[in-house]
Amino acid sequence: MKYNWNWLIFWELSPDAQGTYARALLGGLGWTLATALTAWVIALALGSLLGVLRTTPLRWAVRLGNAYVEIFRNIPVLLQLLMWY
């Protein structure tokens, strides 16, 4: 089977007439990287805060940190995805 790939389609005008297909793909890549970086920063900050909470001498802070960790550790990831969606 021989197929001729049309690589020039990336430089054609997209249906929304806002630019080319390549520009739309690069814009999507930019949003994906920005979302991933934002999620990473939030996860790092929250994880650091919870890690510190679990090692403090304050009993209420240790219990709060342990409760958060145990709740999310014991709920399956698929169920968490459905809950967050």
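Everything here concerns the structure above.
The rules behind each value
- Residues numbered from 1 in each chain as written.
- Predicted model: local features only at pLDDT ≥ 70, side-chain atom pairs only at ≥ 80, totals over all residues.
- Heavy atoms only, no water.
- Helix = DSSP H or I, 4+ residues; strand = E, 2+ residues; numbered from the N terminus.
- Buried < 20%, exposed > 50% of the residue type's maximum accessible area, 1.4 Å probe, protein only.
- Contact = heavy atoms within 4.5 Å.
- Areas by Shrake-Rupley, 256 points an atom, 1.4 Å probe, with all protein chains shown as cover.
- Phe/Tyr/Trp six-rings, centres within 6.5 Å; stacked < 30°, edge-to-face > 60°.
- Axes fitted to C-alpha atoms, helices over the stretch in contact; angles between N-to-C directions.
- Parallel < 35°, antiparallel > 145°, perpendicular 65-115°, else oblique.
- Left-handed = near helix turned anticlockwise from the far one by under 90°.
- Nonpolar A, V, L, I, M, F, W, Y, C, P; charged D, E, K, R; others polar.

A.B. asks: Explain the overall build of the protein to me, and be specific about the residues and the numbers.
C.D. replies: Secondary structure summary: the protein contains 3 helices and 0 strands in total. The order of α-helices and β-strands along the protein, N terminus first, is α-α-α. Overall size of the protein, expressed as C-alpha extent along the three principal axes, is 65 × 25 × 25 Å. Here the protein, with 85 residues, has 11% of them falling under the buried criterion. Long-range pairs, those at least 24 residues apart, make up 0% of the contacts in the protein between residues at least 6 apart in sequence. Looking at the protein as shown, the accessible area adds up to about 7,800 Å², and 72% of this sits on carbon and sulfur atoms.

A.B. asks: Go over the side chain of Gln80 with me, naming the residues and quoting the values.
C.D. replies: Structurally, Gln80 can be placed in helix 3 (residues 77-84). Excluding residues that lie within four positions of it along the chain, Gln80 makes contacts with Phe72 and Ile75.

A.B. asks: Outline the packing of aromatic side chains, listing residues and values.
C.D. replies: A complete count under the given rule lists 6 aromatic pairs for this structure. Measuring from centroid to centroid gives 6.2 Å for Phe10 and Trp11, while their planes differ by 90°, and the two rings are edge-to-face. The class of Phe10 is partly exposed, set by a relative accessible area of 27%. Residue classification places Trp11 among the exposed residues on the basis of a relative accessible area of 63%.

A.B. asks: Account for the environment of Gly51, naming residues and giving values.
C.D. replies: Here Gly51 shows up in helix 1 (residues 21-53). On the accessibility criterion, Gly51 (36% relative accessible area) is partly exposed. In this structure, the C-alpha to C-alpha distance between Gly51 and Asn74, residues 23 residues apart in sequence, is 18 Å.

A.B. asks: Break down the packing of helix 1 against helix 2 (residues 59-74) for me, citing the residues and quoting the values.
C.D. replies: Closest axis-to-axis distance for the helix 1/helix 2 pair is 8 Å, and the angle between their directions is 130°. One way to sum up the angle between helix 1 and helix 2 is to call them oblique. Crossing hand, helix 1 versus helix 2: left-handed. Every residue of helix 2 that contacts helix 1 at Leu46, Leu50 and Leu53 is listed here: Ala61, Val62, Leu64, Gly65 and Tyr68. Looking at the contact of helix 1 with helix 2 residue by residue, the class counts come to 7 nonpolar, 1 polar and no charged.

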